[in-house]
Every structure is written in C-alpha cells, then in structure tokens.
Amino acid sequence: MEQILITLAAVLATAAPLIFATMGETISERAGVVNLSLDGSMLLAAMAGFAVARVSGSLALGFAAAALVGCLVALILGVLSLSLGQSQTAVGFVLALLCTDLSSFLGTPYVRKPGPAVPHAPLPGLSDIPILGPLLFSHDMLIYASFLLLPTVWWFLYHTRAGLVLRALGERPQTAYARGVPVIRLRYLYLLIGGALVGIAGAAYSLDLKQGWSYRHTFGTGWIALAIVIFGGWHPWRVAIGCYLFAALQSLASRSQSVLPSIPTQVFQVAPFVLMIVVLALINLLASPGTAHRLATLPKPLRRPAERFVGWLATPAPAALGQPFQRP
Amino acid sequence: MIAHDQATPTISEGHTRRSALLIAALALVGALIFTSLVLLSSNVPPLAAYNLIFLGTFSTPTRISDMVMLASPLLLCSCGLTLTFAAGLYNLGIEGQMALGAVAAMIPLRLLPNLPPPLLWVLAFACGAAGGAMWALLVAGLRIRLQVNEIFAGLGLNFLASGIALYLVLGPWRRIGRASSSGTEPLPTDVWLPTFGTLRVAPAAPVIALIILVLIWFAVTRTRWGLELRAVGLNPQAAGRMGIPATRRLAESLAACGALAGIAGAIQVLAVFHQLIPSISSGIGLLALLVVLLIQANPAWVLPIAAAFAIFTTGSLQMSVALGADSSIAGVLQGALVLFALLARGLSGRR
C-alpha cells in the first residue's frame, strides 16, 4: 500500500513539467496559434534557468529567466507568423531546432555542474492526512503550482468572459473581430502566456526533477507535450489526464524492466510513444462518420451514453488553428 | 487535428529574381549577425569561428571526403522532402524513415554474406529503399485513413524507429561477446562501398545522390505528376475536384520520400559507419528539413544549399579542439539562416 502511494506520488511529481508545457500549449492553441517550437524552447529555457539560478543563487530569478526565454521564443513565432504571415508550422519547427542547438552551444560551461534546486516542502498539517497527505501534499512548491495551474486554466477557459473570447479566437476569429475583439493583439498575448509556461516547464527539469544541465536535457519531452495536447482534445482536464497517463506509463516501463530483464531498457522507453500514436488513431477512428452510423444501430438505452462518450473523447481541433488571420 | 495549414511551403514561382536575391542577402546578413552575437556571448572570436565553419572543411582531403559523405545522404533526404513539401506535407518522420532504411539494408548484409559484393550492394540499397518507404507509408496511412497529423505520426514513428535500432544493436545483432550500445559488429571490409585510396569518400554515394537529384528535379518541374503534386499541396480540395487523386498523390510523395531516406540510411551503413548504430540517421533528416524550408522546396537550389550545410557542419566539428567551443554552432547558423529567410520573406510581403 505504502509502495503504491509512493509510486503514485512520484507519477504526479514527474508529470509536473508536462503539465506546465501542455497547459501553455493548450492556451495558445485554443487561441489559434500552434507553437511547434516547444521542444527547443523548453531546452533553451531549462539551460537559461539553470545558468541564471546558478550564477545568481536565486531560484526565483532562474524561473523568471526561463519564463522570459519561453516568452521570447513565442514572441519571435508571433512576429513571423501573426504579423508577417509565415507558416506557423515552418517557423515553429525552425525555432525548435535553432533553440536546441543554441542550448547545446551556450550551455557548454554548465554541463554537469552543481546548482540550486527547488527544496522539498511538505505542507504542514495537510501532509499528515492519511493517503491524501503523502499523495498530494508532500512535494515541493513547483509541483503544488502544477496542481493549481490545472483548475485555473480550466476555470479561465470555460468560466470567464476572457476565456470565452480566447476560445472564439481559435474557433471564429472573424466573428470575434466583428464584435470588436483585437484578434491579433490577443493572440500575441496568449501565445506569450503559453510561452512563459513552456519556459517554466523547461526550468522544472533543470531546477527540480532532473537537476542540472546536460546536452538535450529534456529528451524530447516538448514533442510529447504537443502530442498530448491533441490527445487531450484541447481540453485542460483531458490534457492533464494525458500527462499523468504518460508519466504513469513511463514509470510502469521502468518497472517492467526488472520483471523482463532480457528486453533492453530502450524498448520500454519507446513504448509510451507507440501507445500515443495508437490512441490518437483510435480517437480519430471514433470520430469518423462510420462510427456514428454504427452507434445509431445500438439499442436506444445504450445509444445515448455511447454517443456522449464518443463525443467526449473525439473533440475536434479549434477551427482556425494554425491559420493566418486576415482583417475582413 | 491541426487544420490545413494555409501557408504551406510550396515551390516559389513568379517572384522576380531581384527580390529573391534581396531575401537571400538579408537572410545571410541577419544569420551572420545573430550567430556572431551568440559566439561573442560565449567568448569565442567570431572570425576564427567563421574561418573554421566556412573553410575548415577544405583544410585536408580527409575533411573534404567527410563532407561529401555527409552531403550525399543530406541531398537524398532533401530530394525526398522536396516531394512531400510540394504536396504540402511536413514529413518530420524522415529521421525514422532513414533509420528503418538502414535497418533494412543490414538484413541482406547479415543474411547473405557470401554473395558477391556488387549484388549485395544492390540488395542493400533495394531493401533500404523498401524499408524507408514502408515506414513512410505508415505515416501516410495514419494521415489519410485515421487523420493523425503527419507531424505527430512521423515524430512518434521516429521514436519507435530509434527504439527498433537500439533493440537490434543491444539484442539480436549485438557484438559477439559484448553487447554495447555503440553499434553492431562492423561489416567485413569487402562489403564496404569502395573508396578512393585511404580516403573515406565512396564515389558511389554522391553519384547516386546526384542522379536522384536530377530525376526529382525533372519529376517535380517537368512532369504532369509533379504538377499534380503541387496542385494537391496548394489546395487538396480543389485538386480533388479537378480529378487529381489527391490522397494517392500524398501517399506517393511520402513513399518516394521514405524510399530516398531509406537509400540515405543504406549509405550510412555501407559507406559511413560500416555497422548499425543506434543514432544511424545522425540528425541528417532534420537538417534536410531545414534545407528544404530555406529554399521553399525548389529542387534547383537543393544541391548548393545542401552542400553549403554539409560544409558548415563538417567544418564546425573542429570547434572543440581549435576553439574550445561546441560544434552545435553550425546548427545555430543553419537554423538562423532559415529563420531570417522566413523573416525576409515576411517583410517583403509574400508567403
């Protein structure tokens, strides 16, 4: 029992950077902008955050620097795609590679150097609650922040006026514009907020979960985060489920290695990626018209919940995602 | 899935030569200024660094031959990506297609070691092409039948392909006596592609790459198939209404790109590493994506830009010894070139 709790708590903790990155990406994609640079900007932010925290000795400054780097990369993407009409995919991809190489080059002096790390901070009182205490309240501040970020993003998107406008930017930018919404300016805003969260996700590795800096420190997490956002249908709760599932799979993979020692580690490490593709394919299969026909033949009491379940799983992308906005 | 990207890369046409030159100049100047700032911030003298990046390759015949052996697979991958970009696809799965091509090329080399080498080479190239094409068709199937965006299908399959290569290196194809993640048992020297004397350049590799480059240039610019491919890339719906089998063209471009990437993988096995290593693609596929983005998939520019990128990468390898800096600066320069080219295109008001 204790062992299971420890494992689950570890899964919640290791998913924290994914939560920051995917929430950032969800915000900008709901506003209609794909930030494909995620993997590179996370690496560059991780490096910058570690370097600043090591030199200044201040964790807060480290995280601020990481957020700033994430913002800056997002700003470049914004200028090139939103203002200058270049393809978001092309710019994002180039930025991903450029930032990766920048982090390798500029980060050379910091490779495998000791540096500050976010201290473990069990919440007094709350951490003594049986089961919930060790599960939720014996982490550090960054991981508590990831727990809080989730409901905040959800509440903002679905229960505030600004959140409604944000979603309109991604679905019907023309309509939003006609109602007086400054589409481009707001897209910039949410792209930058998303970028800042991506930057914090990078620093979450170098200053907390994988302390320090080394070449390609985050091992492709940014690309996974992008896939999880799609897997989660651009909805914060489902995206979060995706993050925790992925973290759980990784922990399961490293465990099954001791059960089946004949199979190399690396095979287990790629298992979650394969599952991700399969799940994406399945979700799209569920969303196809063929499935709708098949569901229609089900007996009535079954049909309703089945249709609702499929509808919940297979949410379409924001209608204007990745498309340039032209003033009418 | 991500909605169809309106600003997909397509072959540039109808632009005046002068503005194209202006864009190239702006991209070069911007990238050089940016890279110089990066170098200065790491206390590396820019002039010495550029001397290595631009001219370091030409210091010894060995380095020139290394550059040719990098440029050949890079050319092949760029040729393949020219097709997928023309069709409006971002084939990020090219790294995996190259790795699977290398794995497939290893199969005849391991199973039939007693065949005469020329026959083995043909078999290895054929298997490599088939392996790469198969891996690319997985992306095509996911994209066409199941609407999984090709970027994510490709990326996921890249991870899977590197997992397969690692598994083979550490498992069934491990070195006798000691399993090491550094690679399989080296191939017997008589099946290596023949080289010039003691240099590492195998003339067959650049020759194959150049022949394929000409074929691709012809296919894209001079055939109906190429025209249809570009039509699908510009507007799949409209192309479909004109009677072009759009999904078929998408699948064909991906399969052809995968086959070329697979041949590049076979070159890596037969002429560069002489064994299967886990990172057999060495990032060449990603570099090819940068090449193709820079030239907007115009096949006429593939050769000069791919050669230039190979020169930068080979030259910068000496950075750590000569200047104590990381060789990733070549990647910074290459990425910055593409980024500033996009900026210049945006400023000049064209897509």
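Residues numbered from 1 in each chain as written. Chains lettered and ligands numbered in written order. Predicted model: local features only at pLDDT ≥ 70, side-chain atom pairs only at ≥ 80, totals over all residues.

**What to know about the overall build of chain A**
Helix and strand content of chain A: 15 helices and zero strands. A principal-axis box enclosing the C-alpha atoms of chain A has dimensions of 55 × 50 × 45 Å. Expressed as a percentage of the 328 residues in chain A, the buried residues total 46%. Here the contacts in chain A between residues at least 6 apart in sequence split such that 76% fall between residues at least 24 apart. (Helix = DSSP H or I, 4+ residues; strand = E, 2+ residues; numbered from the N terminus. Buried ≥ 20, exposed ≤ 12 C-beta atoms within 10 Å, placed from the backbone. Contact = placed C-beta atoms within 7 Å.)

**Notes on the overall build of chain B**
Looking only at helices and strands, chain B has 14 helices and zero strands in total. A compact globule built from 351 residues would reach a C-alpha radius of gyration of about 20 Å, and chain B, at 20 Å, matches this within 12%. Along the three orthogonal principal directions, the C-alpha set of chain B runs to about 60 × 55 × 35 Å. Here chain B holds 351 residues, and the buried ones make up 55% of them. (Rg over C-alpha atoms; globule rule 2.2 N^0.38 Å.)

**Some details on the packing of helix α5 (residues 117-146) of chain B against helix α10 (residues 246-273) of chain B**
All names here are of chain B. Their axes nearest at 6 Å, the elements α5 and α10 cross at an angle of 140 degrees. Regarding α5 and α10, the two cross each other, and that crossing is right-handed. For the contact of α5 with α10, the per-class residue count stands at 22 nonpolar, seven polar and no charged. (Axes fitted to C-alpha atoms, helices over the stretch in contact; angles between N-to-C directions. Left-handed = near helix turned anticlockwise from the far one by under 90°. Nonpolar A, V, L, I, M, F, W, Y, C, P; charged D, E, K, R; others polar.)

**Re the nonpolar core**
Val94(A), Leu74(B), Cys77(B) and Val291(B) are the most contacted members of the largest nonpolar core, which totals 229 residues. Looking at this core, the element that brings in the most residues is α10(B), giving 17 residues. Residues in contact with Val94(A), not counting those within four places in the same chain, are Leu290(B), Leu293(B), Gly335(B), Val338(B), Leu339(B) and Leu342(B). (Core = buried A, V, L, I, M, F, W, Y, C linked by C-beta atoms within 7 Å.)

**Regarding the confidence of the model for chain A**
Averaged over all residues, the pLDDT of chain A equals 87, while 95% of them reach at least 70. Considering each helix and strand of chain A separately, the mean pLDDT is smallest for helix α13 (residues 265-287) of chain A, with a value of 71, and largest for helix α4 (residues 59-83) of chain A, with 96. (pLDDT = per-residue confidence, 0-100.)

**Structural notes on the interface of chain B and chain A**
Taken together, the contact between chain B and chain A spans 47 residues of the former and 42 residues of the latter. For the side of chain B that touches chain A, the secondary-structure elements that each account for two or more residues are α1 (17-41), α5, α6 (150-170), α11 (284-294) and α14 (329-347) of chain B. For the side of chain B that touches chain A, the element with the highest residue contribution is α14(B), accounting for 12 residues. Taken together, the residues of the side of chain B that touches chain A sort by class into 31 nonpolar, 12 polar and four charged.

**Observations regarding helix α8 (residues 161-171) of chain A**
Among the residues making up α8(A), those that are buried are Leu166(A), Ala168(A), Leu169(A) and Gly170(A). Considering only its buried residues, α8(A) is in contact with α2 (16-30), α7 (141-159), α9 (173-178) and α10 (183-209) of chain A.

**Section: unusual backbone geometry**
All names here are of chain B. Not every positive phi belongs to a glycine, and Asn43 is a case in point at roughly 60 degrees. Locating Asn43 in the fold gives a position in the loop between α1 and α2 (46-55). Here Gln296, not a glycine, exhibits a phi torsion of approximately 50 degrees, which is positive.

**Quick notes on the environment of Arg187(A)**
Residue and element names in this part refer to chain A. As for its position among the elements, Arg187 is in helix α10. On the basis of neighbour counts, which here come to 23 C-beta atoms within 10 Å, the residue Arg187 falls in the buried class. C-alpha of Arg187 to C-alpha of Arg30: the two residues are 157 residues apart in sequence and 9.6 Å apart in space. Excluding residues that lie within four positions of it along the chain, Arg187 makes contacts with Ala31, Gly32, Val33, Leu82 and Leu169.

**Brief notes about the packing of α11(B) against α14(B)**
Residue and element names in this part refer to chain B. Close contact between α11 and α14 brings their axes to 9 Å; oriented N to C, the two are set at 30 degrees. Relative to α14, α11 is oriented roughly parallel. The element α11 and its partner α14 pack so that their crossing is left-handed. For the pair α11 and α14, contact is made by Leu287, Leu290, Leu293 and Leu294 and by Gln334, Gly335, Leu337, Val338 and Ala341, respectively. Residues that form the contact of α11 with α14 fall into these classes: seven nonpolar, two polar and no charged. (Parallel < 35°, antiparallel > 145°, perpendicular 65-115°, else oblique.)

**Focus on the confidence of the model for chain B**
With 94% of its residues at a pLDDT of 70 or more, chain B has an overall mean of 87. Here residues 1-14 of chain B scores under 50 on pLDDT; set against residues more than four positions off or in separate chains, the count is 44 contacts.

**Looking at the environment of Asp39(A)**
All names here are of chain A. Here Asp39 is to be found in helix α3 (residues 38-56). Residue Asp39 is classed as buried on the basis of its 29 C-beta neighbours within 10 Å. Each C-alpha atom of the pair Asp39 and Lys210 lies 16 Å from the other, and the pair is 171 residues apart in sequence. Setting aside anything within four residues of it in sequence, one finds Asp39 in contact with Ala96, Thr100, Gly220, Gly222 and Trp223.

**Some remarks on α3(A)**
All names here are of chain A. With 19 residues, α3 should reach 27 Å at 1.5 Å per residue; the first-to-last C-alpha distance of 26 Å fits that figure. Most of α3 is tucked away, with 17 of its 19 residues classed as buried. Gly57 sits one or two positions beyond α3 and adopts a positive phi of about 75 degrees. (Expected span 1.5 Å × (residues − 1).)

**Considerations on the environment of Val207(B)**
Residue and element names in this part refer to chain B. Looking at where Val207 falls in the secondary structure, it is placed in helix α7 (residues 204-222). We classify Val207 as exposed; it has 11 C-beta atoms within 10 Å. Sequence-wise, Val207 and Ser72 are 135 residues apart; in three dimensions their C-alpha atoms are separated by 8.4 Å.

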